[in-house]
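# Working through the structure, step by step
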Amino acid sequence: MLDKNIFMLALLSLGLVACGAADDIGVGVVNQPGNASTGASSSSGSSSSGGNSSSSSSSSTSSSSSSSSTTSSSTSSSSGGLPSEPPASSSSSSSSSSSSSNSSSSGGGNGVLIQEDAAGFCGLDGTIDSDNIGFTGSGFANSDNAANASVEWSIRSQFGGNYMLEWRYANGSSSDRSATLIINGSVVEPVDFSGTGAWSSWTTVTANIALAAGENSIRLISQANEGLANIDALSVVGNDLQAGSCEITSSSSSSSSSSNSSSTSASSSSSGSSSSSSSSSSSSTGGSGSAMDCNSISDQTVIAVAQDGSGDYSSIKAAVESVSSSNKTPTQIRIKPGIYEEKIVVDRPFINFCGESGKEAQTVLTHNETGTSTGYTLLITASDVSMENMTVHNTAPKSQAPALMLKGKRIQFRDCRILGLQDTLYTHSGTQYFKNCYIEGRVDYIFGGATAVFDDCEMRTVQSGSAVTAPSARSGDFGLVFLGGKLTASSNISKGSQWLSRLWKPGGATAFIGTELGDHIKPEGWGLMRPAEQTFADAKFAEYLSTGPGANPAERISSVGQLSDSEAALYTLDNIFKAWSPSFAQE
């Protein structure tokens, strides 16, 4: 990873200011970013009725210490596939490792794999079975066919911080099997285990979370009467991890009946250890070395939202609609942790959405709907709007489904998580700034015609897709600009499989300045959405001082060169945003 101090010195010497990326607009039905035909998981294998556990009662549900707030992001894992692409692969790289001894890997590695009947596996409501081929280790966890059936693991983190959970699973049923994820007794959000086509077809689903230093309990509880999917293994990706001790976890989460509520324990007190996450992670805490965190501001009108009725409103939408459409006074909507299942349009200016610092993963605005221009969870058409310490999620498992759609000017985000699969973030038009945010998806998951800057953000690919971004910026605009930050991918993504960007419409612009690139980035770097009609002369693609295994300047397509020092020096916030200076960019 590019050393932050060295990079900043280089930028200062060139007169650069920290800045991020811009996104683009898209209308029209044909050839929209992420336009996908559905892709099922593999169909091989027996018709054995996985998930029909023979009841049993090995329900060792010892659970949850109260040490940490959580940062989770669930992603369903089948579905997807661009028109010119095969369906997303249903195999997971974690399947190559089967030895249960991996579950006790010592700190300092790249993670821990926890198999059933091994250290770190604390029990389940169900049985360990081995009647469906393709599993690793000694078998797989087959939960009871019942609501609130659970599986539990324990993990020990030496220092605490941000990690990725990845479950390898099979779901041969005709419907998705959703679960509630609970970390240390606190409800995080649902995890969707999509159908895989057969009980012998295995794939993965991931969640990004924060763990406390020390022991942490990880628990899945089924939301439907059919129980959970068959779970082969849990991988916890990150450094300084070990399988935990199940005896140390408390029984505070043993009652599963309350796990499906969308508020309750999501607002439980969590340790401040989650605030120690790195600045490029999805759960960076608000305001470290930056402008004042929204919770510290005392000179604005405050509207409180809490699902338990303790605030002015119990829904975010009601709070928004209480503000005058001609509002000219900065108004803060402070939102208590909870899972708010709402679809919201923000058409009033000067609103600041404020979640509690360090609890962005527990303060979730979520919705399930498809449609590039209509299926959003949150649409902001007003200008001068900001958001801190929150998650916006579209849980649709396939097709275009924006979590966030933006049309206003001077909109900014800090310490936020934007989650989806296809077309996650639609920066339709206007100007936007993102600071220390986490954005995940599958294909074209940052796209549009706005001018947007992504400053020290993480963009994570969680299912296979052709490109991270798809710009359509108007001539003269900077388009999508990424300064610092990193492009990462879950372990099921193949090396060299994704472009940095593919052109959506003529004039589309994307620039990566000092960004760390994972090995999932294709050596040629750039692509076209309609190669029969487009050329790279129609695009404004740029790259400067990239680092990481995906940085291959010598192998990039010849028609897209690297920026010179003088060209890179033009990518400043002053040049990009002109008269607007985002407050979230102030150190």
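Everything quoted here is computed from the prediction, not taken from an experiment.

## As for the overall build of the chain
Scanning the chain for helices and strands turns up 4 helices and 38 strands. Considering only contacts in the chain between residues 6 or more positions apart, those separated by 24 or more positions represent 78%. When the accessible area of the chain is evaluated, it comes to approximately 19400 Å², of which 49% is carbon and sulfur surface.

## Concerning the sheet that holds strand β38 (residues 540-544)
Taken together, 10 strands build an open sheet; the order of strands is β13-β14-β17-β20-β23-β26-β29-β32-β35-β38 and the sheet is parallel. The outermost strands of the open sheet, each flanked by one partner alone, are β13 (301-305) and β38. The sheet shows a mean angle of 10° between the axes of neighbouring strands, direction not considered.

## Points about the sheet that holds strand β16 (residues 344-346)
Judged by pairing direction, the sheet is parallel, and its 8 strands sit side by side in the order β16-β19-β22-β25-β28-β31-β34-β37 without closing on themselves. Two strands bound the open sheet, and with one partner strand each, they are β16 and β37 (526-528). The sheet shows a mean angle of 20° between the axes of neighbouring strands, direction not considered. For β16 and strand β19 (residues 378-380), the ladder comprises 3 bridges, and the chain directions are parallel. Within β19, the residue paired with V346 across the bridge is I380.

## Concerning the packing of aromatic side chains
How two aromatic rings sit relative to each other is set out by the distance from centre to centre and by the angle between their planes. Counted according to the given criterion, the structure contains 17 aromatic pairs. Considering the side-chain rings of F121 and W153, the 6.3 Å spacing of their centres and the 80° angle between planes classify their relative orientation as edge-to-face. Of this pair, F121 sits in strand β2 (residues 121-124) while W153 sits in strand β5 (residues 150-157); the two residues are 32 residues apart in sequence, bridging distant segments of the chain. Owing to a relative accessible area of 1%, W153 belongs among the buried residues under this scheme. Taken together through their ring pairs, the aromatic side chains of F413, F434, F454, F482, F512, W526, F536 and F541 make up a single cluster. The positively charged end of R414 is found above the aromatic ring belonging to F584, 4.3 Å away from the centroid.

## Description of unusual backbone geometry
Peptide bonds are, in most cases, trans, and in most cases residues other than glycine have a negative phi. Phi angles above zero are rare outside glycine, and D456 is one such case at about 55°. Relative to the elements of secondary structure, D456 occurs in the loop between β29 (451-455) and β30 (458-461). Its identity is not glycine, yet K578 carries a phi of approximately 60°, on the positive side. Mapped onto the secondary structure, K578 falls in the segment after α4 (573-577). For K578, a relative accessible area of 59% puts it in the exposed group.

## With respect to the pattern of salt bridges
The full count for this structure, using the stated rule, is 13 salt bridges. The shortest N-O distance in the salt bridge between R410 and D384 comes to 2.8 Å. One end of the pair, R410, is in the loop between β22 (404-406) and β23 (411-414); the other, D384, is in the loop between β19 and β20 (386-388), with 26 residues separating them in the sequence. Residue R410 is classed as partly exposed on the basis of its relative accessible area of 31%. The salt bridge involving K435 is made with D455; its shortest N-O contact spans 3.3 Å. Of the two residues, K435 is situated in strand β26 (residues 431-435) and D455 in strand β29; the sequence distance between them amounts to 20 residues. Judged by relative accessible area, K435 falls into the buried class, the value being 7%. Taking the relative accessible area as the measure of exposure, D455 reaches 5% and is therefore buried. Where salt bridges share partners, they join K336, E356 and K359 into one cluster.

## Topic: the nonpolar core
The biggest cluster of nonpolar side chains holds 53 residues, and the ones touching the most others in it are I316, F353, F413 and F434. When residues in this core are grouped by element, the largest group, 3 residues, is from helix α2 (residues 316-321). When residues of this core are sorted by domain, at least three fall in each of domain 2 (293-397) and domain 3 (442-586). With residues near it in sequence (within four places) discarded, F413 still touches I380, M387, L404, L406, Y433, F434, K435, C437 and F584. V112, L181, V191 and A207 belong to the second largest nonpolar core, which has 30 residues in total.

## A word on the state of the cysteines
For the structure shown, the criterion picks out 1 disulfide. Each disulfide pairs two cysteine sulfurs, and for C294 the partner residue is C354, the sulfurs being separated by 2.1 Å. Across the disulfide from C294 to C354, rotation about the S-S bond amounts to roughly 80°, and the bridge is consequently right-handed. Taken together, the positions of C294 in the loop between β12 (241-243) and β13 and C354 in strand β17 (residues 351-355) put the pair 60 residues apart, joining distant regions of the chain. C437 takes part in no disulfide bond, and the closest cysteine sulfur to it belongs to C457, at a distance of 4.8 Å.

## Focus on the confidence of the model for the chain
With 73% of its residues at a pLDDT of at least 70, the chain reaches an overall mean of 78. Overall, residues 35-108 carries pLDDT values under 50, and its contacts beyond four positions in sequence, including any with other chains, amount to 266 contacts. Confidence over residues 248-290 falls short of pLDDT 50; this stretch has 122 contacts with residues more than four positions distant or in other chains.

## Here's the deal with the pairing of strand β18 (residues 363-367)
One face of the sheet, then the other: side chains in a regular strand alternate in exactly this way. In terms of burial, β18 is largely enclosed, as 4 of its 5 residues are buried. Bridging between strand β15 (residues 338-341) and β18 involves 4 bridges; their strand directions are parallel. Bridging across to β18, G338 finds its partner in T363. Across 4 bridges, the pairing between β18 and strand β21 (residues 391-394) is parallel. When the sheet's bridge partners are listed, T366 is paired in β21 with H393.

## A word on the environment of K495
Counting through the fold element by element, K495 comes out in the loop between β33 (486-489) and β34 (499-503). Each C-alpha atom, one on K495 and one on G550, is 9.0 Å from the other, the two residues being 55 residues apart in sequence. In this structure K495 touches D519 and H520, once residues within four positions along its chain are discounted.

## Quick look at the pairing of strand β31 (residues 467-471)
Across the 5 residues of β31, 5 count as buried, placing the element largely inside the fold. Bridging between strand β28 (residues 446-448) and β31 involves 3 bridges; their strand directions are parallel. Bridge assignment links F447 to a residue of β31, and that residue is A470. As defined by bridge partners, β31 adjoins β34 across 2 bridges and the pair is classed as parallel. Among the inter-strand pairings, A467 is bridged to a residue of β34, identified as W499.

What counts and how
- Note that residues are indexed from 1 along each chain, following the sequence as it is written.
- Whole-chain, interface and lining totals are the exception, using all residues; otherwise, since this is a predicted model, local features are given only for residues with pLDDT of at least 70 and side-chain atom pairs are given and counted only at 80 or more.
- Side-chain figures throughout are based on the complete set of non-hydrogen atoms in the structure, without hydrogens or water.
- Helix numbers and strand numbers start at the N terminus; a helix is a DSSP run of H or I with at least 4 residues, a strand a run of E with at least 2.
- In this analysis, two residues are considered to be in contact whenever any of their non-hydrogen atoms come within 4.5 Å of each other.
- Here the Shrake-Rupley method, with its probe set to 1.4 Å, supplies the accessible areas, and only the displayed protein chains count as covering residues.
- Only strands that DSSP links by at least two bridges are regarded as paired with each other.
- Every angle, taken between N-to-C directions, lies between 0 and 180 degrees, and every axis is a line fitted to C-alpha atoms, over only the stretch in contact when it is a helix.
- In this analysis, rings of Phe, Tyr and Trp, with Trp reduced to its six-membered ring, are considered paired at centre separations within 6.5 Å, and the interplanar angle assigns stacked below 30 degrees, edge-to-face beyond 60, and tilted for intermediate values.
- The cut-offs for exposure are 20% and 50% of the maximum accessible area for each residue type, with area from a 1.4 Å probe on protein chains only; residues under the lower value are buried, those over the upper are exposed, and the others partly exposed.
- Charge over a ring is defined by NZ of Lys or CZ of Arg lying within 6 Å of the ring centre and within 35 degrees of the ring normal.
- By definition here, a salt bridge exists when the distance from a side-chain nitrogen of Lys or Arg to a carboxyl oxygen of Asp or Glu is within 4 Å.
- Among buried residues, those of type Ala, Val, Leu, Ile, Met, Phe, Trp, Tyr and Cys that are joined through side-chain atoms within 4.5 Å constitute a nonpolar core.
- Residue ranges for the domains trace back to a domain assignment, done automatically or taken from a database.
- Pairs of cysteine sulfur atoms within 2.5 Å are identified as disulfides in what follows.
- Think of pLDDT as the predictor's per-residue confidence, scored from 0 to 100.

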